[in-house]
Amino acid sequence: MAWRIEYYQDQGGSVPAAEFLDGCPAKIDAQFNAVLDAVAAAPPPQFSGGGKWEAMHGTMGGYYEIRITGPGREQFRLFCLLENADAPELRRRGLKGSSIVVINGMRKPHRTIFTDRDYRKHVRALGDQHLANVPRRLAR
């Protein structure tokens, strides 16, 4: 059964991942959506990724990223968490089924890296807020 795709919404009503995608070239946005759809249909635990969907490690363990290369070899990343549990627990979290929750995105020039500070500020802080809320705050 396909997983749902949901977007984290912060307490002020902003949807960081949607704002990130709005700032991406249309072709990159479409590629992100195509990968999300393919992962959701697979579903995620069985999706091989082809280099575009990757489990993260170290301090980013538990997160997944979608990797897209854009014009001028600029690197675009979309960061997600998986929500999977039994039906009563998913309902308690405010989810209608197993879900890929898109947290935020970042972009960087080719051959540069994101620092742990970048991940902490732009991804993990938002992911921690997402996980701390029951029911989850999701864009509807």
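Further up the page is the structure itself.
Since we're looking at a predicted model, the values are computed, not measured.

1. Points about the overall build of the chain
- Summing up its helical and strand segments, the chain has four helices and five strands in all.
- For the chain, the succession of helices and strands along the chain, N to C, is β-α-α-β-β-β-α-β-α.
- The globule rule puts the C-alpha radius of gyration for 140 residues at 14 Å, and the 14 Å found for the chain is close to it.
- The principal-axis extents of the C-alpha atoms in the chain amount to approximately 45 × 30 × 30 Å.
- Split into buried and exposed, the 140 residues of the chain put 43% on the buried side.

2. Let's talk about the pattern of salt bridges
- Scanning the entire structure with this criterion turns up 10 salt bridges.
- Notably, a salt bridge pairs Glu74 with Arg107, separated by 2.7 Å at the nearest N-O pair. With a gap of 33 residues between them, Glu74 in the loop between strand E3 (63-69) and strand E4 (75-83) and Arg107 in strand E5 (residues 99-108) connect regions that are remote in the sequence.
- With a closest N to O distance of 2.8 Å, Arg92 and Glu89 form a salt bridge. Within this pair, Arg92 and its partner Glu89 are both found in helix H3 (residues 87-92), separated by three residues, close to a single helical turn.

3. Remarks on the sheet that holds strand E1 (residues 4-7)
- What the five strands build is an open sheet, ordered E1-E5-E4-E3-E2; its pairing is mixed. Lying at the two open borders of the sheet, with one neighbouring strand each, are E1 and strand E2 (53-55). Looking at each pair of strands side by side, their axes are set apart by 35° on average, direction ignored.
- Note: E4 against E5, nine bridges, orientation antiparallel.

The rules behind these values
Residues numbered from 1 in each chain as written. Predicted model: local features only at pLDDT ≥ 70, side-chain atom pairs only at ≥ 80, totals over all residues. Heavy atoms only, no water. Helix = DSSP H or I, 4+ residues; strand = E, 2+ residues; numbered from the N terminus. Rg over C-alpha atoms; globule rule 2.2 N^0.38 Å. Buried < 20%, exposed > 50% of the residue type's maximum accessible area, 1.4 Å probe, protein only. Salt bridge = Lys/Arg side-chain N within 4 Å of Asp/Glu carboxyl O. Pairing = 2+ DSSP bridges. Axes fitted to C-alpha atoms, helices over the stretch in contact; angles between N-to-C directions.

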